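Listed below are the residues making up each chain.
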Amino acid sequence: MEGEKIMQYFQAVQQGKQRAGKSQMKMFEAAGFGMLTLTTKKVDGNFQPVGDEDFTAVINSEEGYVAIIVDKDGYTKAQSKAVDKEEALSIYKKLRESGMDEYKGKEIQIWSQTRPTIQNES
C-alpha cells in the first residue's frame, strides 16, 4: 500500500511538472520571466497533479505584486517576479489578451499559503 502511494505521488509530480511547465512558458512570454510554483495539490488526502487549465490573477506577496497562473481550483502553477502593482496588472492584462480567462475565485493557494486575488480592486 505504501509503495502504491509513493508511486501515485511520483506520477502526480511528473504530470504536474509538465502542466506547470506549460504555464511557466506562457508566463515567460507575457512577463519575460516565469517561475514554476506548485506541481501537485492534495485533494481528499491524496496527491494529484495541478490541473491542466490555465486562469490568471494577481496577488500581493511580501515582496510585491505577482501575476500568477492557476488551475481551476486556484492552485498556482506559475508566477511572475514580484513587481509593482501596475506592472503585475499589465502582465495579467497580457495573459488575458492572449486568451487566458480570469480566475474568478477570491483566493489562491501558493506554496503553503492562501492569498487573496486583487486584480479587481479599484
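Source: prediction; values computed, not measured.

Peer 1: I tried to follow the overall build of the protein chain on my own but got confused; where do I start?
Peer 2: From N to C terminus, the protein chain includes two helices and nine strands. When its helices and strands are written in sequence order, the protein chain yields α-β-β-β-β-β-β-α-β-β-β. A compact globule built from 122 residues should have a C-alpha radius of gyration of about 14 Å, and the protein chain, at 14 Å, falls within 12% of that. Counting only C-alpha atoms, the protein chain reaches 50 × 25 × 25 Å along its principal axes. Here the protein chain holds 122 residues, and the buried ones make up 42% of them.

Peer 1: Would you mind going over the sheet that holds strand 6 (residues 76–79) with me for this structure?
Peer 2: Overall, mixed pairing links the five strands, which are arranged 1-6-5-4-7 in an open sheet. Edge positions in the sheet fall to strand 1 (35–36) and strand 7 (101–102), since each of these pairs with one other strand and no more. Summarising the sheet, strand 5 (residues 65–70) and strand 6 pair through three bridges and their orientation is antiparallel. Across the sheet, residue Val70 finds its bridge partner in strand 6, namely Thr76.

Peer 1: Help me understand the packing of aromatic side chains in this model?
Peer 2: Aromatic ring pairs are described here by two measures, namely the spacing of the ring centres and the angle between the planes. Counted according to the given criterion, the structure contains one aromatic pair. A ring pair is formed by Tyr9 and Phe47, whose centres lie 4.7 Å apart and whose planes are at 75 degrees; its orientation type is edge-to-face. Taken together, the positions of Tyr9 in helix 1 (residues 2–31) and Phe47 in strand 3 (residues 46–49) put the pair 38 residues apart, joining distant regions of the chain. Judged by its relative accessible area of 37%, Phe47 is partly exposed.

Thresholds, definitions, all that
Residues numbered from 1 in each chain as written. Predicted model: local features only at pLDDT ≥ 70, side-chain atom pairs only at ≥ 80, totals over all residues. Heavy atoms only, no water. Helix = DSSP H or I, 4+ residues; strand = E, 2+ residues; numbered from the N terminus. Rg over C-alpha atoms; globule rule 2.2 N^0.38 Å. Buried < 20%, exposed > 50% of the residue type's maximum accessible area, 1.4 Å probe, protein only. Pairing = 2+ DSSP bridges. Phe/Tyr/Trp six-rings, centres within 6.5 Å; stacked < 30°, edge-to-face > 60°.

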